[in-house]
Amino acid sequence: MSRLNKKNIEIKEEKAIYLLPIKFEYKKELKSREKIDKISAVADPMFHALFNHPGRIMFPARLVSYILDIPFDTLVTNMKIVGNEVPMDKESNISQRCDCVCEIEGSLLTIEMNNNSSVDFLYRNMDYMFKQFSSKVVNSGNYDKYCQSILINMNNFSFETVEEVCTISYLKDELGRILTDRIIIINIYIPNLLKKCYNLGIESLSESEKFIYAVIEDDNSKINKLIKEMPMLEEYVNIAKEVSNSEDLRFIYDRDKVNKEQSFKEGKEEAIIEMIKKMYENGATLEIMAKRADYDLDEIKSILEID
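Given the structure is predicted, the values throughout are model-derived calculations rather than measurements.

(A) Representation of the overall build of the protein chain. Helix and strand content of the protein chain: 11 helices and 8 strands. Burial status across the protein chain gives 46% buried among its 307 residues. Summarising the internal contacts of the protein chain: among those between residues at least 6 apart in sequence, 62% fall at separations of at least 24. Entry remark: accessible area of the protein chain is about 17200 Å², with carbon and sulfur atoms responsible for 49%.

Here's what the structure looks like:
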């Protein structure tokens, strides 16, 4: 079923970020354990060990402090990691889990590491966020219990025309007025951060970008250069290195790395196929599509099911 026609609404489909083609350049690749000094937080087991551990609340607290401009001391004192199970719908019997869910003063904050290059995971995360938003509403008499729900997507991919490292989105009307501060979606694009660092150097990064770089980088020479730029990051790096040396984590990392490589390959192929179909709908020639996708003409024809 197609989506509703937007012709009477001041929104152009081509400007919707989640409908843009996915970019793969500067994606943080996972390396073999023996080739790195610490495991990147792009890897799910490492992200969970750092951001979903009650004894390491300083990691999500520091990230949120930078993004939402809330004093770090306030967050590290009052923020707590809560159960990461997604509240179930009445009709659902499927158990779902977020990567990390924190609560502070009644607000719920979900942090997701998205290492699969598919927009479907962003929609899934939105579903999680809205379930958190209504999780405290149990009947028609307490609609005032809708809580502020904030979603932070840490994406190991980006979209064409999106060059920012971090964007913050709200529900808005056609004049750009924010309807509520109870729904906030934050997207962090790791490839855009790595591109900025590659082109302009570590010194060009903001404090928040340096923190994100510290948890995703696995090369010791780059990490040491970063610490010289921002000495307070040494504590975070040392904790991450200690966690990386856990035998259990190394085993899980190696296993997941193989699975992620296969998942990424499949996700990339799906994204390219979707791009080809959109280009075809917009009147692009077969030759242009083949050049853009790095496919031959027969492969393009097969995807489009044309002679």
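From this point, the narrative continues.
(B) Highlighting the nonpolar core. Of all hydrophobic cores here, the largest spans 57 residues; its most connected members are L50, F59, L63, I111, I152 and M154. Apart from residues lying up to four places away in sequence, M154 is in contact with F47, L63, I111, E112, M113, N114, I188, I190 and I212. Membership of the second largest hydrophobic core comes to 16 residues, among which are L20, F24, M129 and A271.

(C) Region of the structure containing the packing of helix α6 (residues 207–216) against helix α7 (residues 220–229). For the pair α6 and α7, the least separation of the axes is 10 Å and the interaxial angle reads 150 degrees. One way to sum up the angle between α6 and α7 is to call them roughly antiparallel. Crossing geometry of α6 relative to α7 is assigned as left-handed. When α6 is examined against α7, the residues K210, Y213 and A214 are found in contact with a partner set consisting of K222, L226 and E229. Here the residues of the contact of α6 with α7 sort into 3 nonpolar, no polar and 3 charged.

(D) Examining the sheet that holds strand β5 (residues 149–155) more closely. With mixed pairing, the 6 strands of this open sheet are ordered in space as β2-β3-β4-β5-β8-β7. Every interior strand has two partners, whereas the edge strands, β2 (80–81) and β7 (166–170), have only one. Here 5 bridges tie β7 to strand β8 (residues 183–189), and the two strands are oriented antiparallel to one another. Considered in β8, the bridge of S169 is made with I185. Across the face of the sheet, helix α1 (residues 44–51) comes into contact with β2, β3 (100–104), β4 (107–114) and β5 while running at roughly 155 degrees to β4. Contacts from helix α2 (residues 58–68) reach β3, β4, β5, β7 and β8 within the one sheet, and its direction differs from that of β5 by about 100 degrees.

(E) Looking closely at the pattern of salt bridges. Across all of its chains, the model carries 10 salt bridges by this definition. For K195, the salt bridge identified is with E163, shortest N-O distance 3.4 Å. Residue K195 is located in helix α5 (residues 190–200), and its partner E163 is located in the loop between β6 (158–159) and β7; the two are separated by 32 residues in the primary sequence. Where R177 meets D173, a salt bridge forms, and the shortest distance between an N and an O atom there is 2.7 Å. Using a relative accessible area of 48% as the deciding quantity, one classes R177 as partly exposed. Among the charged side chains, a network of salt bridges with common partners joins K23, E163 and K195.

(F) Spatial organisation of the packing of aromatic side chains. Using the criterion set out here, one finds 11 aromatic pairs in the structure. Each ring, one from Y18 and one from Y123, has its centre 5.6 Å from the other, and the planes form 85 degrees; the classification is edge-to-face. With Y18 in the segment before β1 (22–23) and Y123 in helix α4 (residues 119–133), this residue pair connects regions lying 105 residues apart in the sequence. With relative accessibility at 40%, the residue Y123 sits in the partly exposed group. Aromatic side chains Y18 and F159 sit 5.9 Å apart centroid to centroid with 25 degrees between the ring planes, which places their arrangement in the stacked category. In this pair, Y18 sits in the segment before β1 while F159 sits in strand β6, placing the two residues 141 residues apart along the sequence. The class of Y18 is buried, set by a relative accessible area of 15%.

Analysis parameters
Residues numbered from 1 in each chain as written. Predicted model: local features only at pLDDT ≥ 70, side-chain atom pairs only at ≥ 80, totals over all residues. Heavy atoms only, no water. Helix = DSSP H or I, 4+ residues; strand = E, 2+ residues; numbered from the N terminus. Buried < 20%, exposed > 50% of the residue type's maximum accessible area, 1.4 Å probe, protein only. Contact = heavy atoms within 4.5 Å. Areas by Shrake-Rupley, 256 points an atom, 1.4 Å probe, with all protein chains shown as cover. Core = buried A, V, L, I, M, F, W, Y, C linked by side-chain atoms within 4.5 Å. Axes fitted to C-alpha atoms, helices over the stretch in contact; angles between N-to-C directions. Parallel < 35°, antiparallel > 145°, perpendicular 65-115°, else oblique. Left-handed = near helix turned anticlockwise from the far one by under 90°. Nonpolar A, V, L, I, M, F, W, Y, C, P; charged D, E, K, R; others polar. Pairing = 2+ DSSP bridges. Salt bridge = Lys/Arg side-chain N within 4 Å of Asp/Glu carboxyl O. Phe/Tyr/Trp six-rings, centres within 6.5 Å; stacked < 30°, edge-to-face > 60°.

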